[in-house]
Amino acid sequence: MIEVGNALIFFRKRENKTFEIILNSKNLDDLNRLQKYSLIIQREIDKYVEEFEKKKEVHGDLVFYYFKPKYPVTSPVSTIISLKDKGKTFIFIVEQAVIKISARNQSGKVNLPQLLNKSMENIPHSSGGGHFSAAGAQIPKEYLKKFKENLIKEYNKLK
């Protein structure tokens, strides 16, 4: 089955390319052109989900995972992993020009936007927000250590 969502991820900067392929398809064979893009993204998602167990950094029920995806797959990777253990809080860290953080907790017991915002206090040029169980943030690279220390301290206050 063709995963159009994965094709959208592949063409993230040019989403209209995916829609162009769909609109110009006259039959299912034409639509199958999206399959190769979908498979590329699915392989990337699978790679990072598999690597998670080997590369995770655990602090009680707070889990960090650093990775550098080629495509913007952080959201599906973080959702898949966090659904496997709903009692833990997962912090996914992607280093790009800035540090991008994606946080997940499926238990409904941790207010992630509040946790991230407290962890970003006194970190200039940072921003964050989201939903109670899924939030994100962005910080300058040079503040990653401080952010992580703040986050662990703030998380431990919740316990």
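Heads up: these notes are all about the structure in this document. Values in this document were obtained by computation on a predicted structure and should not be read as measured data.

Quick notes on the rules
- Each residue is numbered by its place in its chain's sequence as written, counting from 1.
- The model is predicted, so local features are restricted to residues of pLDDT at least 70 and side-chain atom pairs to those at 80 or more, both for listing and for counting; the totals for chains, interfaces and linings are taken over all residues.
- The side-chain figures draw on all heavy atoms in the structure; neither hydrogens nor water molecules are used.
- Numbering of helices and strands starts at the N terminus; helices are DSSP runs of H or I of at least 4 residues and strands are runs of E of at least 2.
- Between the first and last residue of a helix there are one fewer steps than residues, each counted as 1.5 Å, and that sum is the expected span.
- Between buried and exposed lies partly exposed: a residue is buried under 20% and exposed over 50% of the maximum accessible area for its type, with that area taken using a 1.4 Å probe on protein chains only.
- Comment: arc refers to directions from the helix axis out to C-beta atoms.
- A pair of strands counts as paired when DSSP detects no fewer than two bridges linking them.
- Convention adopted: a line fitted to C-alpha atoms gives each axis, helices being fitted over their contacting stretch, and angles between N-to-C directions are expressed from 0 to 180 degrees.
- Contacts: residue pairs with any heavy atoms within 4.5 Å of one another.
- For Phe, Tyr and Trp, where Trp contributes only its six-membered ring, two rings pair if their centres lie within 6.5 Å, and the inter-plane angle classes them as stacked under 30 degrees, edge-to-face over 60, or tilted in between.
- Whenever Lys or Arg places a side-chain nitrogen within 4 Å of a carboxyl oxygen from Asp or Glu, that contact is recorded as a salt bridge.

### Quick look at the environment of Lys118
Of note, Lys118 is situated in helix α6 (residues 112-119). Considered as a pair, Lys118 and Lys153 are 35 residues apart in the sequence and their alpha carbons are 9.9 Å apart.

### Structural notes on helix α7 (residues 144-158)
Taking 1.5 Å per residue as the helical rise, α7 with its 15 residues ought to reach 21 Å, and the 21 Å between its terminal C-alpha atoms agrees with that figure. Listed as buried for α7 are Leu144, Phe147, Lys148, Asn150, Leu151, Glu154 and Tyr155. Along the long axis of α7, the arc covered by the buried residues comes to 165 degrees, so they all point the same way. Exposed and oriented more than 90 degrees from the buried face of α7 are Lys145 and Lys157.

### Some thoughts on the sheet that holds strand β1 (residues 57-59)
Neighbouring strands of a sheet are bound in pairs by backbone hydrogen bonds; such pairs are parallel or else antiparallel. The strand order across the open sheet formed by six strands is β1-β2-β3-β4-β6-β5, and the pairing between neighbours is mixed. In this open sheet, the two strands that pair with only one neighbour each are β1 and β5 (127-131). Put simply, the sheet's adjacent strands are angled 15 degrees from each other on average, direction ignored. With respect to the sheet, α6 is in contact with β3 (89-95), β4 (99-104), β5 and β6 (134-139), its orientation differing from that of β6 by roughly 15 degrees.

### Re the packing of aromatic side chains
Overall, the coordinates contain seven aromatic pairs when judged by the stated rule. Ring geometry for Tyr48 against Phe67: centres 5.0 Å apart, planes inclined by 50 degrees, an arrangement best described as tilted. A residue pair is termed long-range when its members are at least 10 positions apart, and Tyr48 in helix α4 (residues 35-55) and Phe67 in strand β2 (residues 62-67) qualify at 19 residues. Here the two residues Tyr48 and Phe67 agree in accessibility, since each one is buried. Relative to Phe92, the ring of Tyr65 lies with its centre 6.2 Å away and its plane at 80 degrees, an arrangement referred to as edge-to-face. Of this pair, Tyr65 sits in strand β2 while Phe92 sits in strand β3, and the two are 27 residues apart along the sequence. Each member of the pair, Tyr65 together with Phe92, is buried.

### A word on unusual backbone geometry
Unlike most non-glycine residues, Asn122 shows phi in positive territory, near 65 degrees. Mapped onto the elements, Asn122 comes out in the loop between α6 and β5. Of note in this structure, His125 is not a glycine but carries a positive phi near 55 degrees. Note that His125 resides in the loop between α6 and β5. Of the residues examined, His125 reaches a relative accessible area of 75% and is grouped as exposed.

### Some thoughts on the pattern of salt bridges
For the structure on display, the rule yields six salt bridges. A salt bridge links Glu53 to Lys56; its shortest N-O distance comes to 2.8 Å. Residue classification places Lys56 among the partly exposed positions, given a relative accessible area of 28%.

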